[in-house]
Every structure is written in structure tokens, then in C-alpha cells.
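Letter by letter, the chains look like this.
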Amino acid sequence: MIALTGKNQSYVLVLYGLCFPLIHVAHAQFILKMAAVQGGMGDADIKTDIKTEPSADGFGNNNANDGRVLSASPGSSSSTGSNKQTAAVTPEDQQTLLAVLQFLKKNKLSESVEILRREAGLPENSLDPKANESAGAGSGGAAGIVDLEGGDASSLLSRVTGSSSAGAQAPTKGTVQSGCCPAVAEDQPDVSVVLSAYSQQGDPTLYKVYYRDLKKFIETVLDCHRAELSQVFYPLFVHMYLELVYNNHESEAKAFFEKFSGDQECYYEEDLRILSGLTKKEHMRGNETLLDFRTSKFVLRISRDSYQLLKRHLQERQNNQIWNIIQEHLYIDIFDGMPRSKSQIDAMSGSLAGEAKREANKTKVYYGLLKEPEIELPLDDEDEEAENEEGKPKKKKPKKDSVGSKSKKQDPNAPSQNRIPLPELKDSDKLDKIMYMKEATKRIRLGPDNLPSVCFYTFLNAYQGLTAVDLTDDSSLIAGGFADSTVRVWSVTPKKLRKVKSAADLNLIDKESDDVLERIMDEKTASESKIMYGHSGPVYGISFSPDRNYLLSSSEDGTVRLWSLLTFTCLVAYKGHNYPVWDTQFSPYGYYFVSGGHDRVARLWATDHYQPLRIFSGHLADITCTRFHPNSNYVATGSSDRTIRLWDVLSGNCVRIFTGHKGPIHSLAFSPNGKFLASGATDGRVLLWDIGHGLMVGELKGHTDTIYSLRFSRDGEILASGSMDNTVRLWDAMKAFDDLETDDFTAATGHIHLQDNSQELLLGTYTTKSTPVIHLHFTRRNLLLAAGAFNP
Amino acid sequence: MAEERRQKHCSVVLPTESMKAMAESVGVGQLQEDSCVALSEEVSYRIKEIAQDALKFMHHGKRRKLTTSDIDNALKLKNVEPLYGFQSQEFIPFRFASGGGRELHFYEEKEADLSDIINTPLPRVPLDVSLKAHWLSIEGMQPAIPENPPPATKEQQKAESTEPLKVVKPGQEEEGTIQGKSQGTTTPDGKGKEKGLIRLKPRSTHELSVEQQLYYKEITEACVGSCEAKRAEALQSIATDPGLYQMLPRFSTFISEGVRVNVVQNNLALLIYLMRMVKALMDNPTLYLEKYLHELIPAVVTCIVSKQLCLRPDVDNHWALRDFAARLMAQSCKTFSTTTNNIQSRITKTFTKSWLDDKTQWTTRYGCIAGLAELGSDVIKTLIIPRLAVEGARIKAVMEGPVVSNIDKIGAEHVQSLLLKHCASVIAKLRPQPDNVDQYRTDYGYLGPMLCSHVMKARTQAALQAQQVNRTTLTITQPRPTLSVSQSGLSGSSGPRTPSIIKVPSSLTLMSPRPGTPSQPSPPATKYIVMATSAGAASTQQVITLSSSQSASPVTSTVPSATSTLQPLVKLESGSGAGLTASRPLQKYIVVSLPSSASSSLETKSSVLPTSISSSSLDGGMKLERSESPGASTQSPH
């Protein structure tokens, strides 16, 4: 169950969201958490306490965000926290809150407890375990759920299907067994209960027998069910192993591992390696990955028939050990219809916590583009005349086609124009838009017969130190982040980079003159490149603002820095991640930006706020890449837990979870129409996703190493991918998506039938000599720019 | 520490002994076995954890290689103080030792002598990061420029030539796409099919595109034309361009036909040009010539042993051509000789057979000996030295007997100096020290006394060379270029190749110092400044002027063949045929070194060279025109 994955981060969030004055408590918590991670055994208890917070909403986080809105206008700098205290405390929140209070009390932070309690308006005795329980039951009851902790065997059996998201999406379970009474093991707010999930003792020697039994059974069922039921093996194996380890049966655990680890799917190999290192109970405490595995539910999708088979078998065998694990740690998403085939299952599995629940991808996503503001300026005509004078008769017509018509009618799938407050267009932005339109008319129409040219920017003498690259939208500047903590900016046009004059010199300038913008620049500082110092660790992410005035960089030192490209100095260091920040990106409309890092949360910031506006938490491992949707209403994050999540910027909720990658995801790209998402991972595959339906719609195989960059051409016809294997590959995105639209995919079951047509879709492969491709960019005229550091 | 680092790769637990060893190193004497086991398990687990985190940093650093800084960062993540002192090295500096059943990894800490550190010249300032753009693809086609990988790699060409019928190869698919691309992306399929159909005739030549045809025409014309600057450019292009694979059959035919015609017409200059083309082809690192050896080897051998190569054998320096061709031959033997084609043994047999023939003329005799001598000291030892006495007698007959013809005499002279040159160094190694003239006379007959003096000279030189190394290193390494866009390793993406790296005055050619050479007169007093421009940015030059002690020999020095891809260019500024014709006592050498780490030692050698190895001036001339770009694998014709 993903609900349990928010943990510490959502704690911070909850605290933050509910009681602004208490923010220092959140920091204290964070520090505590760090201490727990770093301190090893001594502090481990604190740590695990935090981890097992039973949040009840469907996505494990962000209820608190509901109470907050983005500050009304990006221009206004009013405090974002001002309206939070008025937020209503829902029952679900209350539960969470109780857990927080309990934790605080345990750690003798009584003052904070007091403040928090007062803020939330809870009664004095709310920390009493009894009251606690009733509160929990009450909230459960609201969703029509009866707590049957410790019921008899038959009701235990029925629990498994019922236990689920009670919070925001309570009635979503349509799969509860009709014969059994719907019962749910609502997790107690008492944190120690979940911790001891493994304390139940079985005979350690029998584990092998149980597992072998089940294996034999699954091997003998009908072919059509076998593939589905085989999904059970991996989570079961891991949990049984962890149970053995947890209960100090070291040698049995080892024997168990050796015997059955070879049976697991190859894409779990990485996790198995981690698992094999873990042989002692003490090890489990510090290991976040495994804690996640224990506290979150592994999601399986199984057809009703297959599930019945499994259930019957286990009932017959009285195999309570396995049954308990299935109940406690697995979430089985049952669907009606044909069992899925092996290839279908393999396509979707591979993530750390199983597949996404179907409900997780049901929310409506407004993937359409925002209406472009109408810019019809006299200036435009002038320029066109100038063009005509030069003897280029091609003009208006294509412009009307490409830009005008699109912006006229509102896309039904688009969010309302002010769903997210966006910054107003400045004059310079309008000029840039005009430039963009002009360039767009000269854009080359790409296609399988008309491939883009690729210009490669090679970083020489980087000594393996180049870690991030970005290009401005108009392709005039290129920036590199380096392992030596520097950020460098180059101009790739003849126009050199200049700083603004010093304050004293600026005073001398005639402010009324027409070319004041030109006069403020200091000619003496003109150079082709500039270096910016400020970070204290490798720079892993870098992003230009759309107006080319700012540059963002995220670094190992835990900060995101905003640099001015007028003065080439650092303006702000956004602190909050505390751990390496792997990626950052500006919103396509500027002002907002998103960052994600080792602390497993992505944060949404506005450049004029030193604290994040939103915290997106839910990933089970590092967030490795972050991307804004073209309409700026959504953010996609890729993670080492091998899932991709799409977050709603407005509510902070996770609205899509995509599983299917078999390795950490290192690159994401939205198609220009906002409908599709492409993702690349260490497994060398590119996967294509339909955002509206929440389905995988394509798989592009060909790369042999990590894909570090993905980019759609400006009109979305071509997808370019760049990889560690020193190649740039071009894919026919039109065809990949076209084939799809004729298909009526059975959205109801969420099944996909992927045909293996990677070879047909591959349009070109271009090998560099020895330069991994880490960034790709289509210019406004559809010339592909690639960048990477030569690796001798 | 040492053990830990190594074992993190395997999924095993550290041995308890290492725990003990480490405990001892921090002063804990008696560690109980139980504690050791517990410790080692714990430590192994933590190390694995850190390794996993370090991998994360490696991935985000976009590298394939885990560095010590990744581990430092991972430690930092866990709030552990990173290990200090391991940053600088490229590799992890642990060394392994075993003995007494114990294995140990340790960090070697050498005692550093401060004065050494002070005296060593400062290392070069690392080059700054720079940005360079090139076309990876133009409308779907990958242009064959040096920045891009060659259309067909050498390995592929080799595989194709050695196993021509085995069509389905592992790299097949890729090769197909690459070829398809170079032909235009629209027809990759057709191309592939064609390939399948012509399985029985895999060596059929491809049709060249218009651009390629133009290129071919330009290049061949420049190579045999009269403009030396153009020629240098063309040869440079042949030696470095990666996209010549498809034109190779044409070039090969051009050379073999050209040699056939020009040998008949005794056109020495053209023969030399053609041989230089062969050399350039061999120098090209992206070409695999084996398929075309059947055309190239006869051409080269012709230039070695042909009875007559020029119109006026008494004046023209065809000897230099023979030397040069012989070196080419030796080089191709080294590169292409396998047990199946037996090039080396076949060539050896051919040379030996005609050498043993009494009726062989002096010119051919010279070629045979040169060809054999270039094959290496083993060949000299087994084939040439035993015949010194016989050959000596033959030379004596010509030199001291009644004058038969001037041509014969010159021939004999050349053979004599050739034998002395090659045999001296070999004999110096073979024979024990006291060099007795009488002993030499009995062993080697007529040539004995001269050999003796040459051997002695070779010995003193070897000693001198050893002495001089230190001193010269210092003086020469200092004026290193400090700024350059590309390094040796960067050939691939280095700057736009300067078309002609060496500014060659048109008259500066390979021809001999002897005046009267018909084709290339070399103006005596010109001074040539040779620039080595490393692609793109800065250029440096070093000029070393040495006065030669060998006024007797018209022969300039050459650089010993180097294993490195770079070598300094030694230029003969103006050759003086002191012994024979004009007298110019002073020889100037302009040594231009390219920026390279390897160049220092070479420069050292070159500075002492005038007294050591000597070869014909042709060689000097050859070098003169070699315009080397960093990374182009170059071999001296040795």
C-alpha cells in the first residue's frame, strides 16, 4: 500500500501544512531522522518510528497541501503560510496528527506537543491510547470499515482484499469478496504495531517447505494462471527472508536465500543483491530501502480466477504463514477478466513496490496545453516587411497555421488558464514570443524521410567532470554543471557574455536613453564563457529560466542555487533538501521550479520564496529526475524505485504512477502536446506513456546503457534519446503514438499489448567517438543539439 | 582498509583476520574471535551499503567508473567523515602482496625527497574545459569527419578480410546500418540485401558518391602533382581521414598501376610519391590494408629491388627510395604477417634468393640487403652477417680492381655503407668487448676493419646516450606548450584540422642532399622554420641547432621509431653532401615537438641523434613532410 510510504517526509509536510509556527519542529524532525540514519543502532528506534507512520490517505501524503493554495499571484510576496491555520482538520489528518503527537511525546518534545495540540484543536487526552484507538476506529468507520484485528481465520482471509485506501478515496474498492464481510485491518496509529510486523514467529525451518509447496502448486496450475500467480513469488520471497532475518534465524535465512533467490525474475537482481548483504536484524534498521519494503504494500494485479485458485490452495493447506504475509504486506488488486500473459506482466512489473494500483491512475489529468496569449503587435508586421524586403516571400500563412489556429480554441483537456497562477508576460517575454513564432515558421517539418541534423557540442578537457548540461530554449547559451562544484555558461552565438556594470558605474548612466539596456552592460567583461562559483559539491542538475535571466543549479551539497545571468552571481540558495539534489527544472512559464533529490521528495518552489510551496512525497527511493508538464500544472518525477510519478501542482497529489522500468529512471520528456511522456532508465529502454489514460503505450529498445537525455522535436514527430553508450538515436514518435490511437486499449483493465516494433521505429543511430550523450535539445527550427563530455 | 576496499565487489564477508590486523593497527591487541566475526559482518554490510550509495553518485556523475570521490560522497551521506588523501589518483593506489599464506593490500607510501620535488619541473597546467561543435549527422547521414567514428572500424574491415565468406557476424546489424547511413538512410534495406546477394564476390568495389569521386581525383592529382604543399595536404588527408574505407580499392589500384608504369619509364620522383601514398595509407588508423596487399606489396618490392629506378643511376638518389620502400615493407610485414599468409618469410626468401645470385646487379643487391636489414636484427644476424665476408670480397673486387664502370663502383660503395650501417649495431651487441681489428679482418674479410671502427663508434655512442639523457631532459622539456585545445588523446574531437600543419616551402622535399637531383633541387641556404600546429589553437616550436660532427656522411639523422603516437619531427634543414659534392659543414636540425607527454624522451634522443643512428637523407625528407596531427598514429619507417 503506497499509503505508507510518505513517512518522515509527509510528517514534515503535515507539520508544515498545519501549523506554520511549528516549522522548527519539522526541522527538528528532519535532523532527528538524519541522526537516525547516521547513528546506526542507537538511534534506530526513533528512525523506525518515523518510518512507520500510518497515514491513511490514498497517496500517502499531501492532504496537508489541500489546505494550502499557491499564493494568489506570483508577483505578490505574501506569506504562503498565512492561510494554513484555518484549514479544517479532517479525521484522516487527525489520525496522522495523533501519531505525530505521540512521536513527539516519546521524544520528550513536550513543548512542541503542546503547541501542536493547541494549533490543531485536539483535546488534552488525545494522546491516551484508548482515545487514540477510538479515533482511529472512528475514522475508519466513516469509510465503512470495521476493525477486526485478531479475527478468526476466515475473516482474516477476507482482510487482504479490503485493506486499502480509506482516506481520500474511500469507496474505490470494488473488488471486495462478496461472500466475506468487508473487513480491513486499519493500521493502528500506535507506531510500535507496524514495527513489529515481523515479530510473529513461525517455525523457521518450515519456511522453505512453505515456499516450495507454493512453488510446486503454482507450477502445476494451468498455464494461463501461472504467469499471474508467479508474481507472488518475489514479494513473498523477500518478506519471508526478512521475517527470518528479523527473528534472528540467520542460518535459515541464508539457506532460504540461497535456495530460492535464483528463481526470481532477473530484473530484481539489484534488489536481491542488497538483500543478500542483509543478514542481521540490526542491519534492517538503518536500511531505508528495506524499511520501505516492509512498511509499504507490494501491489500485485491478479485476475479474479487466479486469485481464487491461490486462495483455495492456501486455505486447503492451512498455510497460514504465507497467508499472513499476503495479508500483511501484499496488496492484491483483483480484476475481472482474462488473466494476463507473462509478457504483459513483465512489461509492467519491476518497480520496488510492485505495479501501480489501478485507482492510482484514475484521477483526471488536464494534459492539454494552455492557451497562448495573443500577441499581435505592430512590431511583428514591421519585421515581416523587413523580411519581404530581403526577398523572402514566405510569410503569414504558415504562421497562422502553426501558431494562430492552435491558440484560438481551447483544448477540452487543458486546465483552466489560471488553475495555477502564472507570472504575467513582460515586454521582453512578448518579444521573445515573437521571435519564437518567427523561428517557428522556418521550422523544418521532420519525419522518417526528413531526419534532423545533429550538431554535437563536445566538452573537451572535462576530465570526467561534466555532470549536467542545459541549453536555453532559443539555443543561445549552454551551461554545464561540473563535479568540481562549478557552473559554467558559454555563449554559442557570436554574442558574448557580459556582466552588468557595477553600481557606481550604473549611476552614471543616462536612464532615459533608449538603449539603456545596452548601456548597463560592461563591455570589458565580455567573454565567451563565465564560471560561477558557489556550490560545495558536484552540480547534478541545471536549468535555464525561460527568459534567460536566471540559471538554476542543484548540487550534492543539498542546495538549489539561483544565479543571475546578468551579473553572473548567485542570488539565492534554496535550502531544504539537506541531501544531494539530483535534478531541478524551471517551469516552462518561469517563476516556479521543481527539485528532487536523495531525500525522496520533490519540492516545488517559487523563485521569490525561500521555502517550498509544495512537497511531493511518495517515492520509495531517490528522485533522480524532475520535469514540468508543458502546461506547468503537473510535475513528473522519476526515481530509483523504478517508478515515475506525476504530481498535481495545485493539490500536491500524486495523480499517476507508472511502473515498468527495470532500473532507476534518469530521463523524462513530455511530448509537446502534453499528452505523452517518455522515460529512459539505466536499463537502456525508453518507455512511452499515455498520460490521460495512465497507460504504457510503447517500448523502445536499442540503447545498451543508461539513457541520460530524451527530447521530442518541437512538433513532436521525432523522439531523440541520448545515452551513456555514446549514441544518439532517433525514434519515430508519430508512428509510435499513431498506431496507438487506432487501438482501443482496454482502459478498464489497464492491460496493454505492446508489439515489439522498436526496430521499425528506430530512424537513426549516430555514434560518437567516445562521448556519452547527456543532453539533447531541439532548436526552434528543429535542429537537434546534443552535448556530452569527451571521455578519453 | 585495504582489504575492505577490495572485497566490496564480492558478496562475501571480510575475513576475520583483517579485523584483527586492523585492530592491531589502532592499538587493540587482543581481539576475541567472536568480536571479530561480529565486527567483520557488520563492517562488510556497511561497506556494501556505502558502495551502493557510491554507485548512485557515479550514475549521477554520468560516469562508468567509480571514483574515490563517489565513495567520499557516499560516506558524507551517512555523516561519516570521508577518507582523506585518496583524491588525486586516477586509480585506487593499493598494492597487493602475499606471503606466508597471508594476502595483504596496502597503500604504498614512498618517502618523498623534497629536493626531487623542487627540481622536477612543474607539471603542466591542466587544460581548461572548452566547448567544440561538430556535425554528428546531417539530415540523417553521419559525415565522415575525424570527429565522428569511422564508418567501418578497423576490426570490422579485418574481420571482413580474414573471413570474407562469413557474412553473419555479431556486428553485422550495426555495420549494415552504418553503411546504410553513409549511402543515405533511405536505402538501408536495399543495401543489406545487396550485401547478402554478393556473398560470393565480397570484394567487389562499391560505387563512389560524387563527392568521393571528386575527393579521389583531387587527392590522386595532388599526390603526384608538382605542388609540394598540396601533396603534403593530400598525404595528410590520406593518413588521417576516417572515411576512406570505400576508396581504398581505388587507391590500391592507382598505386600498383602507377608503379608499373613509372618503373618502366624510370620516373623516380613519381615512384617516390607513390611510396609516400602507401605510407600514408598505412598510417591511417582507420584503414585495414590486408585485402589490398596483393597489389601493394609487389609495388613496394619493385621499388626496392628494381634494377633501374631512374634515368641517371649514377647521379640520382634512388638509394633513398629503396631504403624508404624497404622500411615500408618491413612495416607491413610487422603489421600484416600471419601464419596463413606468411608474408615475412616469403619476402625474406625472395630477397635472399636474388641476393645470392652472382649475376644480380648492385642496385638490386642493395635493395635486397636493405629489405632484409629492415626486417630486424634477427634477420641481420642470421642472414646478413654470415655473408659479410663473401660480400666484402665482391666489394673489394669492384673497389680495388680495375675500373669497370662508375655505376658499379657507386653501387658497391652504397652496399658497403649499408652493410656497415646495419651490421655495426648488431655486431656491437653480439661480440664481446675488446674490438680487435685483426680479429674482425679474419671474421669478416675485407669489411672487417671498417666494421671494427663502426662497432667501436656504436659502443661509445650507446654509452654517451645513456649519459646525456638526464641533462637533456631538463633543457628540452621546459618549453612545453601550455595552452592547446586538444590533447593527444583527443584526436577524435579535436579542433578543425589545420589543412597543412607544416608550412612547407615548396622546395623542401624528400630529395637527397646531393645536388643535381633532377626533380627536386633543394636551395642550399634556405632556413626552414617548421611549425607544429596542434589542431585549433596555439602553436609552439622548438628549434634546436646542432652542428653535426659527421661531416663525412651526407646522411642526416632520423628519429628512432617510437612506440608513442607522437614524435618530434626532425628536419634536415639543408643537407650537405659534404663528402661528395658541395660542402656545407654545418647542418641544422629543427626539431618540432608536438605537445605530448611522451615527447620528452624522444626529444632527448633526437638531440643526441646526429651522432648515433644515421640513415639516408630521404628519410629526413620524409619526416620533413609528415605533418602530424595529434593522435594520428604515426610510425617512423623503421
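Calculation criteria
- Residues numbered from 1 in each chain as written.
- Chains lettered and ligands numbered in written order.
- Predicted model: local features only at pLDDT ≥ 70, side-chain atom pairs only at ≥ 80, totals over all residues.
- Heavy atoms only, no water.
- Helix = DSSP H or I, 4+ residues; strand = E, 2+ residues; numbered from the N terminus.
- Buried < 20%, exposed > 50% of the residue type's maximum accessible area, 1.4 Å probe, protein only.
- Contact = heavy atoms within 4.5 Å.
- Areas by Shrake-Rupley, 256 points an atom, 1.4 Å probe, with all protein chains shown as cover.
- Pairing = 2+ DSSP bridges.
- Salt bridge = Lys/Arg side-chain N within 4 Å of Asp/Glu carboxyl O.
- UniProt positions renumbered as here; feature names shortened; annotations may be inferred.
- Buried area = accessible area lost by both parts, 1.4 Å probe.
- Polar contact = N/O pair within 3.5 Å; in protein donor to acceptor, adjacent residues only side chain to side chain.
- Nonpolar A, V, L, I, M, F, W, Y, C, P; charged D, E, K, R; others polar.
- Phe/Tyr/Trp six-rings, centres within 6.5 Å; stacked < 30°, edge-to-face > 60°.
- Lys NZ or Arg CZ within 6 Å of the ring centre and 35° of its normal.
- Axes fitted to C-alpha atoms, helices over the stretch in contact; angles between N-to-C directions.
- Parallel < 35°, antiparallel > 145°, perpendicular 65-115°, else oblique.
- Left-handed = near helix turned anticlockwise from the far one by under 90°.

### Quick word on the overall build of chain B
Step number 1: For chain B, the helix and strand inventory stands at 23 helices and 7 strands.
Step number 2: The 638 residues of chain B split such that 50% are buried.
Step number 3: Considering only contacts within chain B whose residues lie at least 6 apart along the sequence, 70% involve residues at least 24 apart.

### Observations concerning the overall build of chain A
Step number 1: If you tally the helices and strands in chain A, you get 26 helices and 33 strands.
Step number 2: Expressed as a percentage of contacts within chain A between residues at least 6 apart in sequence, the contacts between residues at least 24 apart total 65%.
Step number 3: A total of about 30000 Å² of accessible surface is found on chain A, and carbon and sulfur atoms cover 52% of it.

### Topic: unusual backbone geometry
A negative phi holds for most residues other than glycine; trans holds for most peptide bonds.
Residues and elements named next belong to chain B.
Step number 1: Positioned with a positive phi, N79 is a non-glycine residue whose angle comes to about 60 degrees.
Step number 2: Since its relative accessible area comes to 57%, N79 is described here as exposed.
Step number 3: Here the phi dihedral of N266 falls at roughly 55 degrees; this positive angle occurs in a residue that is not glycine.
Step number 4: Mapping N266 onto the fold places it in the loop between helix 11 (248–265) and helix 12 (268–283).

### Focus: the pairing of strand 13 (residues 550–555) of chain A
Residue and element names in this part refer to chain A.
Step number 1: Burial of strand 13 is extensive: 5 of the 6 residues sit out of reach of the surface.
Step number 2: Bridge count for strand 12 (residues 539–544) against strand 13 is 5 bridges, and the pairing is antiparallel. Bridging from a neighbouring strand, G541 pairs with S554 of strand 13.
Step number 3: Connecting strand 12 to the next strand, strand 13, in antiparallel fashion are 5 residues, including R548 with a positive phi near 65 degrees.
Step number 4: Taking the residues that link successive antiparallel strands as the turn, the strand 13-strand 14 (residues 559–564) hairpin has 3 residues, and the phi of G558 there is positive, at about 90 degrees.

### Regarding the pattern of salt bridges
Oppositely charged side chains can pair when the atoms bearing their charge come close.
Residue and element names in this part refer to chain A.
Step number 1: A complete count under the given rule lists 43 salt bridges over all chains for this structure.
Step number 2: Across the pair R301 and E355 runs a salt bridge, and its minimum N-O distance is 3.6 Å. Of this pair, R301 sits in strand 3 (residues 298–303) while E355 sits in the loop between helix 19 (342–348) and helix 20 (378–389), and the two are 54 residues apart along the sequence.
Step number 3: Taking the relative accessible area as the measure of exposure, E355 reaches 3% and is therefore buried.

### A few points about the UniProt feature "repeat: WD" (unreviewed entry) in chain A
Step number 1: Residues annotated in UniProt with the feature "repeat: WD" (unreviewed entry) correspond here to residues 459–500, 532–565, 574–605, 616–657, 658–691 and 700–732 of chain A.
Step number 2: Along residues 532–565 of chain A one finds 0% helix and 56% strand; the C-alpha atoms at either end are 10 Å apart.

### Let's talk about the side chain of S40 of chain B
Step number 1: Within the element layout of this structure, S40 of chain B appears in helix 3 (residues 33–60).
Step number 2: In contact with S40 of chain B, other than residues within four places in its own chain, are V13, L14, T16 and M19 of chain B.

### Observations concerning the interface of chain B and chain A
Step number 1: Contacts between the two partners involve 51 residues from chain B and, on the opposite side, 60 residues from chain A.
Step number 2: Buried area between chain B and chain A, summed over both chains or domains, comes out near 5200 Å², and the portion from carbon and sulfur atoms is 56%.
Step number 3: For chain B, the biggest contributors to the area lost against chain A are H60, K62 and L131 of chain B; these three give 15% of the whole.
Step number 4: Counting the contacts that link chain B with chain A gives 4 salt bridges.
Step number 5: Summed over the shared surface of chain B and chain A, the number is 16 residue pairs in polar contact (both at pLDDT 80 or more).
Step number 6: Secondary-structure elements contributing two or more residues to the side of chain B that touches chain A are helix 3, helix 4 (68–77), strand 3 (130–137) and helix 7 (172–183) of chain B.
Step number 7: A per-class count over the side of chain B that touches chain A returns 15 nonpolar, 18 polar and 18 charged.
Step number 8: Examined bridge by bridge, strand 5 (residues 454–460) of chain A and strand 3 of chain B share 7 bridges and lie antiparallel to one another. Looking at strand 3 of chain B, one finds that L460 of chain A is bridged to S130 of chain B.

### Side note on the packing of aromatic side chains
Step number 1: Evaluated as defined, the whole model comprises 29 aromatic pairs over all chains.
Step number 2: Ring geometry for Y540 of chain A against W582 of chain A: centres 4.9 Å apart, planes inclined by 65 degrees, an arrangement best described as edge-to-face. Of the two residues, Y540 of chain A is situated in strand 12 and W582 of chain A in strand 16 (residues 581–586); the sequence distance between them amounts to 42 residues.
Step number 3: Since its relative accessible area comes to 3%, Y540 of chain A is described here as buried.
Step number 4: Ring geometry for Y540 of chain A against F57 of chain B: centres 6.3 Å apart, planes inclined by 50 degrees, an arrangement best described as tilted. A residue pair is termed interchain when its members come from two chains, as with Y540 of chain A in strand 12 and F57 of chain B in helix 3.
Step number 5: Residue class for F57 of chain B comes out buried when judged on its relative accessible area of 0%.
Step number 6: An aromatic cluster is defined as three or more aromatic residues linked by ring pairs; in this entry it consists of Y211, F233, F237, Y241, F256, F257 and F260 of chain A.
Step number 7: We note R231 of chain B situated over the ring of Y273 of chain B; from NZ or CZ to the ring centre the distance is 3.5 Å.

### Points about the packing of helix 12 of chain B against helix 14 (residues 318–336) of chain B
Residue and element names in this part refer to chain B.
Step number 1: Here helix 12 crosses helix 14 at 25 degrees, and the two axes come no closer than 10 Å. On the basis of their axis angle, the class for helix 12 and helix 14 is roughly parallel. Here the hand of the crossing between helix 12 and helix 14 comes out left-handed. Between helix 12 and helix 14, the residues in contact are L268, L271, I272, M275, R276, V278, K279, M282 and D283 and H318, L321, F324, A325, L328, Q331, S332 and F336, respectively.
Step number 2: Along the lines of polarity and charge, the residues of the contact of helix 12 with helix 14 split into 11 nonpolar, 3 polar and 3 charged.

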